Amino acid sequence: MSDPQERLATYRAKRDFSVTAEPAGTGGAPSGSSRFVVQRHRARRLHYDLRLEIAGVLVSWAVPRGPTLDPKARQLAVHVEDHPVEYFDFEGVIPKGEYGGGDVIVWDWGTWSHAKPGDPLKAIEKGDLHFDLQGQKLAGRFVLVRRDRDSSGKEQWLLLHKNDDAAVPGWDPEDHPRSVKSGLTNDQVAAAPEALWRSDLPADEASVALGSTARPAWEGPTDEELDALEAMGKGGLWQLQGRELKLTNLDKVLFPAGDDGRPVTKREVVRYYAEIAPWMLPYLHDRPLNLNRFPDGVHRPGFWHKEVPSHAPDWLRQWHNAEADPGETRCYAVVDSVPALAWMANYGGLELHAWTSRIPDVHQPTWALIDIDPGTTTSFDEILVLARLYRTALEHLHVVGMPKVTGKRGVQIWIPIAEGYSFSDTRSWVEKVSRAVGRTVPEMVSWEWHKDRREGLARLDYTQNAINKTLVAPFSPRPAPGAPVSVPIRWDELDDPDLRPDRWTLRTVLGRLATAGDPLAPLIGRHQQLPKL
Ligand code: MN
C-alpha cells in the first residue's frame, strides 16, 4: 500500500476537517528529503509520535514512553496510520472530542536514513526496520521490530537504540520537554494555541496559518553597508536598504564608558540599530513609538519626544492620532524598517518605547505587562524572588509569558494576549495576579503610589497597562554608562548566578542572540486567553 492517497485514507476517515485545524493533506508531494519528526502528543494518554517521511507520507508509530538514547530500553511502539506530510511541523491543539484531541509539540526533528540496502517500505512490511536518526535530540542507530497485535488489531512493535556512539545510558525523553520548533512546552502550547484560533477556516487554509511565515521578517544590513558607515567621516549620506540617511556627528560620545572602558559613539549606536533591527522590529512595527531622546548623550538629561519632526524623511511611516487633545502629540513615528530604526539613532532616540497596542485599533493591547519596579532599597535578589513568584503563578494559571531584564535594575514579564481585551481588562488581570504575588512577600512590596511613601520597597506596577503608558522595548538601550540594553530571557535564566538586569550592552547582546536567540520571539502574536481570576 505505497500509494500516498490510499495510505492517507485511514487518516482522513478519522478526522472531521470542518472542526479540526490539523492539515488535511493534499496528497502526493513526495520529496527527495528523508525527514523525521517526533511529536509529543498529550491526548487521552501522553505519547510520542515517531514519523518517518517515506513515499510522500509520514509513516508513524505512537511510542507511549517516548524514544530514548538509552541502549537498554525496549519501548512499545504502536504502528498507527500514515499522516500527510503537511502534518510534519504541526504544533498546536487538536480540539477535544476530535481524534487525537489534545496538544502537540514538535519534540524533535531532523533527517533519517535506512540503515540497510533496499526499500524501507518492504522492511516495514517485513516488520524489521533499522534506521539512523540525525535530530536535535535523537541520534544514532534505531531499530523497530514488529512483535504482536493488540486487542484492537493494531500492530505492536518494539523501538530500541543500538549501543553505538550516540547511545546514552539512562537517557529519559521527559527530561527534554521543549519543542525544537518553538522552545515551548506542551503546557505552554496548550495555553496559547496558535493553531486552533483559525479552526473556523478550511483545513488547507488553516495549515498556512500554522507556520510562522505569517509574521513579517527583516534582513539586517549588508557588510558593504556597514563598511560604508565605518568609513564615513563625521557625517554624510548613508545608503541603507534603498534609503538615504543623513548622518551627523558620528563621532560624538552618546554613552560614557561602561566596564569595558570604551565610550559609545553615535556611529556605534547607528550601527547597533541597523544590526539589531531584525530582532527588534517584530516588537516595533505597526506601533506608535515614544522616544526618550538624548541628542547630546545620556550624561545630559533626556526628554520624551513623540511628535515626528518636520525634517523627518518622507519615507518614515507616521500615524496620526485622531483622538489627540489640544497640546497632545498628533503624529507618531511607526518604525517598520531597518532604515527607520537607524534614523532613530541619528535623531538621538536612545531609548525606545513602543505602544502596547497596534494601529489601527490602539485601544486593544497585544501584551499584558508586569513591571517589577525596584525601590531604593530593593536588591536584585529580591527582584528575582518576585519574578519567580510570578513564574509560579503563571505556571499555575497555564499562562505563557517570558521575563525580560530592563537594562537598569528591574525585571518585566511580557504576556501575549488574544484580540478583544481592553487596557482595563489587562490592567485588572495583572493587578489581581500581582496582589496575589505581593501577599506572599508583604515585606518586599509597597502599594503606595508616591515614590517617597514606598519606603524603598519594590512596586508591582500593573498601571503600565494603559493606552498612553509604555515599557522599554526589547533590545532598546538604556541611558546609562556602557549602553546596557533590555533583553528577554528564559525563565531558567533567573537561576543563573551571573544574571544581572544590566548584564548585556549594545556591544554584547548580538553575540547572545547568535547563540541563545530571543525566547520571547515565539510568543509574539500568540492569541492567548487570560483565565478568569
Ligand atoms: Mn498522536
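Predicted model only: the values in this text are computed from it and were never measured.

Q: Can you walk me through the coordination of the manganese ion in this structure?
A: Note on the manganese ion: its protein donors are His-41 (ND1), His-47 (NE2) and Asp-49 (OD). The metal-donor distances range over 2.1 to 2.2 Å. For the manganese ion, all donor residues lie on one chain, and their spacing in sequence is H-x5-H-x1-D. Pair check on accessibility: His-47 and Asp-49 agree, each one buried.

Q: For this particular structure, what's the right way to read the packing of helix α5 (residues 223–231) against helix α6 (residues 266–284)?
A: Packed helices, taken two at a time, are described by the angle their axes make and the gap between the axes. Look at α5 against α6: their axes get within 10 Å of each other, and the N-to-C directions meet at 170°. When the axis of α5 is compared with that of α6, the two are roughly antiparallel. Two secondary-structure elements touch here, α5 through Leu-226, Leu-229 and Glu-230 and α6 through Arg-267, Val-270, Arg-271 and Glu-275. The residue inventory of the contact of α5 with α6, partitioned by class, reads 3 nonpolar, no polar and 4 charged.

Q: Sorry if this is basic, but what is going on with the packing of α6 against helix α10 (residues 509–516) here?
A: Two numbers describe how α6 lies on α10: the axes approach to 11 Å, and their chain directions differ by 25°. Our classification of the angle between α6 and α10 gives roughly parallel. Two packed elements cross with a definite hand, and for α6 against α10 that hand is left-handed. For the pair α6 and α10, contact is made by Tyr-272, Glu-275, Ile-276 and Trp-279 and by Val-509, Leu-510 and Leu-513, respectively. In terms of residue class, the contact of α6 with α10 is made up of 6 nonpolar, no polar and 1 charged.

Q: Looking at this structure, how should I read the sheet that holds strand β18 (residues 349–354)?
A: Sheets are built from strands that pair by backbone hydrogen bonding, the pairs being arranged parallel or antiparallel. The sheet built from 3 strands is open, its strands ordered β15-β14-β18 with antiparallel pairing. A single partner strand is all that each edge strand has here, and the edge strands are β15 (303–305) and β18. Adjacent strand axes in the sheet meet at a mean angle of 30° when their direction is disregarded. In terms of strand pairing, strand β14 (residues 289–293) meets β15 through 3 bridges, oriented antiparallel. Its bridge partner lying in β15, Leu-291 is registered against His-305. Contacts from α6 reach β14 and β18, with the element oriented near 0° to β18.

Q: So what exactly am I meant to see when it comes to the confidence of the model for the protein chain here?
A: Note: predicted coordinates in regions of low pLDDT should not be interpreted at a detailed level. Chain-level statistics for the protein chain give a pLDDT mean of 89 and a share of 89% at 70 or above. Confidence drops under a pLDDT of 50 for residues 16–33, and excluding neighbours within four residues, the segment shows 55 contacts in the predicted structure. This model gives residues 206–214 a pLDDT under 50, and the stretch forms 10 contacts once residues within four places in sequence are excluded.

Here is what the cut-offs are and how they apply
Residues numbered from 1 in each chain as written. Predicted model: local features only at pLDDT ≥ 70, side-chain atom pairs only at ≥ 80, totals over all residues. Heavy atoms only, no water. Donors = N, O, S within 2.8 Å, 3.2 Å for Na, K, Ca; no water. Buried < 20%, exposed > 50% of the residue type's maximum accessible area, 1.4 Å probe, protein only. Axes fitted to C-alpha atoms, helices over the stretch in contact; angles between N-to-C directions. Helix = DSSP H or I, 4+ residues; strand = E, 2+ residues; numbered from the N terminus. Parallel < 35°, antiparallel > 145°, perpendicular 65-115°, else oblique. Contact = heavy atoms within 4.5 Å. Nonpolar A, V, L, I, M, F, W, Y, C, P; charged D, E, K, R; others polar. Left-handed = near helix turned anticlockwise from the far one by under 90°. Pairing = 2+ DSSP bridges. pLDDT = per-residue confidence, 0-100.

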